[in-house]
Amino acid sequence: MKRPKLEPRAADDAALKRETGKDRAGWFAVLDQSGGSGRGALGKVLLAAKVDPWWIGTLLVDHEAARGVVEKDGKPKGYSLCVTKTVAAPVTRVFQAFTTAKDLDRWFGPGTRISAEPGGKLENADGNLATITKVRPDKALVMAWETRDLAPDSQVEVLFQPKADKTGIVVNHTRIVDPADADATRAAWGEGLTKLKALLEA
């Protein structure tokens, strides 16, 4: 899975004010005065104000940084993204496509080596690198994402949801520090899951 070439979206105060009517100080004041706490409550405030979803994510992350909000490990929560795809294939087959080198070579990236067990590694010729932290066959795969040029030091959770003769795939990629990385990672997973769907439904 390679980093896609995307035109970076302007995220400075000038762009924010032009697109939403307020700069960061203005939106931070709205959030502080709302009385809400946590991303869920504050996200609803911005959603009610009809702020674009991309800006909602950016403002929540920036607001947390400005207010010194961190997780239990002392690091910021960062950006979170969710990419989904439904594939016309049984869950066992879809899970196999995420955990075997032969399948991963065909949709994720060439030259794959994988040990699909806790503590095992996933790596390939595209430079992708991850340590597998949890495996629940046909249900979930969790990885510490270590790819240097695409959201390093982040977390990936893949959920597999059987739906009759189909399988729903949910990729939650979290703890992404850089907004450009978040955009690129979302696009990369989207492209990857589209390739996976084509492979399994051929």
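Summary of the structure given here. Predicted model only: the values in this text are computed from it and were never measured.

### Focus: the sheet that holds strand β2 (residues 113–114)
Across the sheet, which stays open at both edges, the seven strands sit in the order β1-β7-β6-β5-β4-β3-β2 with antiparallel pairing between neighbours. Edge positions in the open sheet fall to β1 (79–87) and β2, since each of these has one partner strand only. Of the strand pairs in this sheet, strand β3 (residues 121–123) and strand β4 (residues 129–136) are connected by three bridges, and their pairing is antiparallel. Residue pairing across strands places Glu-123 opposite Leu-129, the latter belonging to β4.

### Quick look at the layout of surface pockets
With a probe scaled to a water molecule rolled over the atoms, the places where space remains empty come into view. In this model, the largest pocket occupies a volume close to 270 Å³. Along the walls of the largest pocket sit 15 residues, with Pro-53, Gly-57, Tyr-79, Ser-80 and Arg-186 positioned nearest its centre. Looking at the lining of the largest pocket, the elements with two or more residues in it are α4 (53–66), β1 and α7 (179–201). For the lining of the largest pocket, the leading source of residues is α4, giving seven residues. Taken together, the residues of the lining of the largest pocket sort by class into nine nonpolar, three polar and three charged.

### A few points about the side chain of Asp-181
Considering the arrangement of structural elements, one finds Asp-181 in helix α7. Residue Asp-181 is classed as buried on the basis of its relative accessible area, which comes to 11%.

### Some words on helix α2 (residues 24–34)
Within the sequence span of α2, burial applies to Arg-24, Trp-27, Phe-28 and Leu-31. The buried residues of α2 occupy an angular sector of 100 degrees when projected down its axis, which confines them to one face. Residues of α2 that are exposed and point over 90 degrees away from its buried face: Ala-25 and Gln-33. Those residues of α2 that are buried are in contact with α1 (13–20), α3 (38–48) and α4. Taking the backbone nitrogen of Ala-25 as reference, a side-chain oxygen 3.3 Å away marks Asp-23 as the first, capping residue of α2.

### A word on the pairing of strand β7 (residues 166–176)
Most of β7 is tucked away, with nine of its eleven residues classed as buried. As paired elements, β1 and β7 share eight bridges and run antiparallel to each other. In the sheet register, Tyr-79 faces β7, and the bridge partner there is Ile-176. Across nine bridges, strand β6 (residues 154–163) lies against β7 in antiparallel orientation. Looking at β7, one finds that Gln-161 is bridged to Gly-168. Counted between consecutive antiparallel strands, the loop separating β6 from β7 contains two residues, among which Ala-164 sits at a positive phi close to 55 degrees.

### A look at empty space enclosed by the protein
One pass over the structure, following the stated rule, counts one cavity of 30 Å³ or more. Of the volumes computed, that of the largest cavity is approximately 50 Å³. Together, Phe-98, Leu-104, Trp-107, Phe-108, Ile-114, Leu-122, Ile-132, Leu-141, Met-143 and Trp-189 line the largest cavity. When residues of the lining of the largest cavity are traced back to their parent elements, those giving at least two are α6 (101–107) and β5 (140–145). In terms of residue class, the lining of the largest cavity is built from ten nonpolar, no polar and no charged.

Rules used throughout
Residues numbered from 1 in each chain as written. Predicted model: local features only at pLDDT ≥ 70, side-chain atom pairs only at ≥ 80, totals over all residues. Heavy atoms only, no water. Pairing = 2+ DSSP bridges. Helix = DSSP H or I, 4+ residues; strand = E, 2+ residues; numbered from the N terminus. 1 Å grid on protein atoms, 1.4 Å probe; cavity = no way out; pocket = protein on both sides within 12 Å on 5 of 7 lines; lining within 4 Å. Points joined across faces, edges and corners; volume = space filled by probe spheres on them. Nonpolar A, V, L, I, M, F, W, Y, C, P; charged D, E, K, R; others polar. Buried < 20%, exposed > 50% of the residue type's maximum accessible area, 1.4 Å probe, protein only. Arc of directions from axis to C-beta. Contact = heavy atoms within 4.5 Å. Polar contact = N/O pair within 3.5 Å; in protein donor to acceptor, adjacent residues only side chain to side chain.

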